[in-house]
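Structure at a glance
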Amino acid sequence: MMPYPRQICRWLLLVSLVAMPLTGCVDDLRVQSPDDHPPLRNADYFLQAAKSATGTRAALMRLSAGELLLNEQRNDQAVEVLESLKDQPLSEDDRQRLHRARGQALLNVGRFSEAVAALELVPRPDRMDRDDYRHFLQLKVDALVGDRRPVEAAATRLVLGNQLDRSERPANEQAIWQLLKPLNYDTLFQYRSQIQSGLLAGWLDLALLYQRYSRTPDGLPQALSQWQARYPTHPAASNLPEELSRAAQANRIEVGQVALLLPLSGRLAATGRIVRDGFLAGYYGGGDADPSLRIRVYDSAGGDFVTLYRQAVADGAGAVIGPLVKEQLLQLSALGALPVPTLAMNMTDDPNQRADLLFQFGLPVEDEAEQVATRALTSFRQAMIVSNQDAVGDRAAQTMQQAFEAGGGTVLANIKLGNDKEIEASVAAMLGVDSSRQRMKALQQTLGKELGFQVRRRQDIEVILLTVKPTSARQLKPFLNLYRGEDIPILATSQLFGGQPQPQLDEELNGIEFCDVPWLLDSGDATTAERQRIAGLWPAATGSQGRLFALGYDAWRLLPELTRLSAFPDYRVSGLSGLLRIDEFGRVHRALPWARFRDGRPVATQAATEPLPVPPSAD
């Protein structure tokens, strides 16, 4: 909370001196002011003294008490005292004090719309001294932001800017931009249609321009030039917001030579080769390969990766694809800055561990786990998580739980599946069937006779979030059906799908919905034809390694767009591995389509989208 303005302190001193004859038994409530000034009174003193006063004098004492309560951060009590005065007949100066204090108090307790209304009642705020006027305008900005009125808050900040020193104005202008930038195009357009000209019109036009080109950035530089010509004296004309300045300078990456640094021998040779093949398929796909571009492939298995990287750059590489191995990626990120754009085929565990011009692209299970949890939250609030008892399962389950609980959901239990022989027992425990059996046995022992027994499962499970291998999933689902869990929806990661339809084996998975890469799920004519063409050249590309092939293919698609994706948070590239975007740390994220098993085959149910986060439950 901001300290109350100096003018208030002067008023309090004056009222304190006027109230001296009322001291009596409340002298012990005085508080000593600093710098040897005469003693001021605390809020309780004025509240007590007001009981012995009448009319305007009593109102002024309660007003002083309310102002002191604010300084003492006793906000609820300040609201109660100040609200009791809003209909009192006061002078213009005192009404100014009252409604400013009311606005501050209501703002402090989160009653934002009432705070705005109180501040609107302040008479002639422009008559305040400069510091008090600045404080008043900042209060109004905070109240409008709290009341979700960002355009009006931006307009108030424009007024505030006139009261700021030159050195303070850039921060205020950045705050205006941050208020307007997140608004959608329709909202911005509606406000812009009501404002004919002026600084706010310029800011709204700039935000409209940002929204218009955030997904299709090709025309942004020209549009920015036109905006600057239209608003030559606007503060943003010479000092564009950082996002727009960076975006205007972001062009497609064009290089004469690309180096692929992938393991082509040793234990990761098969993985390195399928990623390489995917990249080459992207390069040659469609028959529009640039004959002037050279692609050089280096075997990164063994040896010093940093030395190999520097050799590739010395050989003329203008961009690098790789490394694939996380340990090598850590070596590269430790350099701090790289000489050429580099797209790693893996990700570090720490998003802050990166180097300039280093981008990270992989198939982390965390991306899928978060999407499973987010999709579940659109309909459910109580979930069971089932995962394999291994490192991948642990990471996926942890991410699912964090995302589901962050969205207001409750994870009832986190079940780990060990070996296949234990799956039935795990399912029985998860559904509470063991407890039902134990109660039945205890009752039989008490009665001394056999009883008919019907399985009953727990009823609080709304959805199961699944991240297990195909063999585990194929055994899990029948046991769920056996123990009356066939009606529980199941949402899963791609781990349960082997990449190729196997109707006879996967019939047990019917009803399970899962997310996976478009390369394996898209049933459109163009994708089907491309799969058939590529299967003849690279048979592994459409099987269990199809996801890695899609990763390599999309590395080719991403390479020229890396700087633009970094500059435009809303820009997306539609790839074989998902709908791709890059975050502020240079990490590529994938939004995946969904499919459901029907007759043992995956059938597409939803295209790749990025749903808005689900707000926490009101409960």
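Residues numbered from 1 in each chain as written. Predicted model: local features only at pLDDT ≥ 70, side-chain atom pairs only at ≥ 80, totals over all residues. Heavy atoms only, no water.

Looking at unusual backbone geometry
Our working rule: For the purposes of this entry, the term helix denotes a DSSP run of H or I that reaches at least four residues, the term strand denotes a run of E that reaches at least two, and both are numbered from the N terminus. Exposure categories follow from relative accessible area, calculated using a 1.4 Å probe and restricted to protein chains: below 20% of the type maximum is buried, above 50% is exposed, and the middle band is partly exposed.
Between Gly322 and Pro323 the backbone carries a cis peptide bond, its omega angle lying at 10 degrees. Even without being glycine, Arg124 reaches a positive phi, approximately 45 degrees. Mapped onto the fold, Arg124 is located in the loop between helix 6 (112-120) and helix 7 (130-146). For Arg124, a relative accessible area of 40% gives the class partly exposed. Non-glycine residue Leu357 carries a positive phi angle of around 70 degrees. Position of Leu357 among the secondary structure elements: in strand 7 (residues 356-360).

As for the side chain of Glu173
Under the convention used in this document: Residues counted as positive are Lys and Arg, residues counted as negative are Asp and Glu, and His and the chain ends are not counted. Criterion for a salt bridge: a side-chain nitrogen of Lys or Arg within 4 Å of a carboxyl oxygen of Asp or Glu. Any two residues having at least one pair of non-hydrogen atoms within 4.5 Å are treated as being in contact.
With respect to the helices, strands and loops of the structure, Glu173 is situated in helix 9 (residues 169-180). Buried charge without a salt bridge: Glu173, with Arg169 as the nearest opposite-charge side chain at an N-O distance of 6.4 Å. Not counting residues up to four positions away in its chain, the partners in contact with Glu173 are Trp203, Pro235 and Asn239.

Thoughts on the pairing of strand 15 (residues 588-591)
Put simply, the rule is: Strands pair, by our definition, only if DSSP identifies at least two bridges between them.
Residues of strand 15 alternate between two faces, with Val588 and Arg590 on one and His589 and Ala591 on the opposite face, all of them buried. Two strands pair when backbone bridges link them, and strand 14 (residues 578-582) and strand 15 are joined in this way by four bridges, in the antiparallel orientation. Bridge pairing links Ile582 to Val588 in strand 15. Connecting the antiparallel pair strand 14 and strand 15 is a turn made up of five residues, with Gly586 showing a positive phi of about 80 degrees.

Considerations on the confidence of the model for the chain
As a note on interpretation, predicted positions should not be read in detail where pLDDT is low. To keep things clear, this is the line we draw: For every residue, the predictor reports its confidence as pLDDT, a number between 0 and 100.
Chain-level pLDDT for the chain is 84 on average; 86% of the residues reach the 70-or-more range. In the model of the chain, strand 1 (residues 30-31) stands out as the element of lowest mean pLDDT, 40, in contrast to strand 5 (residues 319-321), which has the highest, 97. Low pLDDT (under 50) marks residues 436-449, which in the prediction has nine contacts with non-local residues, meaning those over four places away or in another chain. Contacts of residues 611-619 to residues separated by more than four positions or lying in other chains number 14 contacts, the stretch itself having pLDDT below 50.

Observations concerning helix 17 (residues 326-333)
Residues separated by three or four positions in an α-helix point in the same direction, a consequence of the helix having 3.6 residues per turn. Rules: In this description, one arc is meant: the one made by directions from the helix axis to the C-beta atoms.
Those residues of helix 17 that sit buried are Gln328, Leu329, Leu332 and Ser333. For helix 17, the angular spread of buried residues about the axis comes to 135 degrees, placing them on one side. Turning to helix 17, the residues buried within the fold contact helix 16 (305-314), strand 6 (337-344) and strand 7.

Side note on the sheet that holds strand 15
The following threshold applies: Lines fitted to the C-alpha atoms define the axes, with helices restricted to the stretch that makes contact. Angles between their N-to-C directions range from 0 to 180 degrees.
Across the sheet, which stays open at both edges, the three strands sit in the order 13-14-15 with antiparallel pairing between neighbours. Looking at strand neighbours, the two that pair on one side only are strand 13 (573-575) and strand 15, the edges of this open sheet. Along the sheet, successive strands turn relative to each other by an average axial angle of 35 degrees, direction set aside. Against the sheet, helix 26 (residues 546-558) contacts strand 13, strand 14 and strand 15, and its axis sits at roughly 155 degrees relative to strand 13.

Focus: the nonpolar core
Selection criterion: The set of buried Ala, Val, Leu, Ile, Met, Phe, Trp, Tyr and Cys residues whose side-chain atoms join them within 4.5 Å is what this entry labels a nonpolar core.
In terms of nonpolar packing, the biggest core is built from 162 residues, with Met345 and Leu465 touching the most fellow members. Discounting chain neighbours no more than four positions away, the residues touching Leu465 are Val372, Ala373, Ala376, Ala383, Met384, Ile385, Val386, Met400, Phe404 and Leu491. Counting 16 residues, the second largest nonpolar core, distinct from the first, contains Phe305, Leu329, Leu332 and Val340.

Comments concerning the packing of helix 18 (residues 365-377) against helix 19 (residues 391-406)
We apply this condition: Two helices cross in a left-handed way if the nearer one is turned anticlockwise from the farther one by less than a right angle. They cross in a right-handed way if the turn is clockwise. Throughout this entry, Asp, Glu, Lys and Arg are counted as charged residues, while Ala, Val, Leu, Ile, Met, Phe, Trp, Tyr, Cys and Pro are counted as nonpolar. The remaining residues, Gly among them, count as polar.
Viewed as axis vectors pointing N to C, helix 18 and helix 19 meet at an angle of 35 degrees, and their least axial separation amounts to 8 Å. Between helix 18 and helix 19 the crossing geometry is right-handed. Counted together, Val365, Glu366, Ala369, Glu370, Val372, Ala373, Ala376 and Leu377 of helix 18 and Val392, Arg395, Ala396, Thr399, Met400, Ala403 and Phe404 of helix 19 form the full contact between these two elements. Among the residues forming the contact of helix 18 with helix 19, the class breakdown is 11 nonpolar, one polar and three charged.

Examining the side chain of Arg192
Residue placement: Arg192 occurs in helix 10 (residues 185-192). In contact with Arg192, other than residues within four places in its own chain, are Ala201, Leu204, Asp205, Leu208, Arg230 and Tyr231.

Here's the deal with the sheet that holds strand 11 (residues 490-492)
Ordered in space as 9-8-10-11-12-16-17, the seven strands form an open sheet in which the pairing is mixed. The open sheet has two edge strands with one neighbour each: strand 9 (410-417) and strand 17 (601-606). Across this sheet, the average inter-strand angle for adjacent strands is 25 degrees, counted without regard to direction. Sheet analysis places strand 10 (residues 463-467) next to strand 11, joined by three bridges and oriented parallel. Residue pairing across strands places Ile464 opposite Ile490, the latter belonging to strand 11. Packed onto the sheet, helix 18 meets strand 10, strand 11, strand 12 (513-515), strand 16 (594-598) and strand 17 and runs at close to 170 degrees relative to strand 10. Sheet strands touched by helix 20 (residues 423-430): strand 8 (382-388), strand 9 and strand 10. Its angle to strand 9, the strand with the most contacts, is close to 165 degrees.

Considering the pairing of strand 14
For strand 13 and strand 14, the ladder comprises three bridges, and the chain directions are antiparallel. Pairing of Ser574 across the sheet is with Leu579, part of strand 14. Count of turn residues in the strand 13/strand 14 antiparallel hairpin: two residues.

Section: the environment of Gln88
Residue position: Gln88 is located in the loop between helix 4 (75-83) and helix 5 (92-108). For Gln88, a relative accessible area of 33% puts it in the partly exposed group. For the pair formed by Gln88 and Gly55, sequence separation is 33 residues and the distance between their alpha carbons is 8.9 Å.

Brief notes about the pattern of salt bridges
Taken as a whole and assessed by the stated rule, the structure comprises 29 salt bridges. A salt bridge links Arg74 to Glu72, with the nearest nitrogen and oxygen atoms 2.6 Å apart. On the accessibility criterion, Glu72 (33% relative accessible area) is partly exposed. Residues Asp205 and Arg230 are paired through a salt bridge, measuring 3.5 Å at the closest nitrogen-oxygen approach. Taken together, the residues Asp205 in helix 11 (residues 199-213) and Arg230 in helix 12 (residues 220-230) connect sequence positions 25 residues apart. Assessed through its relative accessible area of 13%, Asp205 is described here as buried. Classification of Arg230 by relative accessible area gives exposed; the value is 57%. One connected set of salt bridges, linked through shared partners, spans Asp44, Glu72 and Arg74.

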